[in-house]
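# Overview (structure and organization)
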Amino acid sequence: CSFGSSPYTEFQFTTTATPCDAPTGLAFSYSNDISTFTWDAVPGAVYQYVITRDGCQRFSYISRGAVDMVGYPADVIVSDYSAVWRLVLPEDMPGIMASIEDAIRRGVRWAHEFRLRLPDGRVKWLRGDSLPEVPTADGTVFFHGLLTDVTERRLAEAELRFTQFATDHAAD
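Since we're looking at a predicted model, the values are computed, not measured.

Criteria and thresholds
Residues numbered from 1 in each chain as written. Predicted model: local features only at pLDDT ≥ 70, side-chain atom pairs only at ≥ 80, totals over all residues. Heavy atoms only, no water. Phe/Tyr/Trp six-rings, centres within 6.5 Å; stacked < 30°, edge-to-face > 60°. Helix = DSSP H or I, 4+ residues; strand = E, 2+ residues; numbered from the N terminus. Buried < 20%, exposed > 50% of the residue type's maximum accessible area, 1.4 Å probe, protein only. Pairing = 2+ DSSP bridges. Salt bridge = Lys/Arg side-chain N within 4 Å of Asp/Glu carboxyl O.

Another aspect to go through is the packing of aromatic side chains. In the structure shown here, the tally under the stated rule is 4 aromatic pairs. Their ring planes at 80 degrees and their centres at 5.8 Å tell us that Tyr 47 and Phe 59 sit as a pair that is edge-to-face. You can see Tyr 47 sitting in strand E2 (residues 45–51) and its partner Phe 59 sitting in strand E3 (residues 56–62), a full 12 residues away along the chain. Given a relative accessible area of 5%, Tyr 47 falls into the buried group.

Spelled out as structure tokens, the structure:
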């Protein structure tokens, strides 16, 4: 992909998620006990997502809220990031990938809402919101962000649209 004249010009983004191991020493340290306690107390899931220049991707950290967001504990997601990507509804995947590519290309905040089909069969709307760092010397990009459940809001919006439509067409 071409990224214009931003600091992201050397980055090769792929539209398919590719697993990889993060280079040692590059990931932000989340080992501070107070910080870990704080991140685990945040509603949603705080995470660090790593994408290398050649498109390898992984979660290097995700808080305990991951189990509420996606139905898998944090250690499963860190060891197999694709566990999350397999849950994304296929029709939502192109939009997610395009939005991530755009955030990397322009070096701006990533924010996107998408649906997952959880292991128990329920569909949940999530909002991902994160900031990509300027790529490291080897082209690796770190996203620091938050996943939140927006299912209730999405359902309320759909109900409001239905009610509005029914009201608008009641006299017909």
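And the narrative resumes.
In regular strands, side chains alternate between the two faces of the sheet. As paired strands, E2 and strand E6 (residues 141–149) are joined by 7 bridges and run antiparallel to one another. Bridge assignment links Tyr 49 to a residue of E6, and that residue is Phe 143. With 7 bridges connecting them, strand E5 (residues 123–132) and E6 associate as antiparallel partners. Bridging across to E6, Leu 126 finds its partner in Asp 149.

Scanning the model with the defined rule gives 14 salt bridges in all. A salt bridge links Glu 101 to Arg 105, with the nearest nitrogen and oxygen atoms 3.1 Å apart. Remark: Arg 105 and Glu 101 occur in helix H5 (residues 93–106); sequence separation between them is 4 residues, near one turn of the helix. Taking relative accessible area as the criterion, Glu 101 reaches 13% and is therefore assigned buried. The exposure class of Arg 105 is partly exposed, given its relative accessible area of 27%. For Lys 124, the salt bridge goes to Asp 149, with nearest N and O atoms at 3.6 Å. With Lys 124 in strand E5 and Asp 149 in strand E6, the pair connects residues that are 25 residues apart, well separated along the chain. Looking at Lys 124, the relative accessible area reads 6%, which means it is buried. A residue is classified by how much of its surface remains accessible, and Asp 149, at 36% relative accessible area, is partly exposed. In the salt-bridge network here, residues are joined through shared partners; they are Arg 109, Glu 113, Arg 127, Asp 129, Arg 153, Arg 154 and Glu 157.

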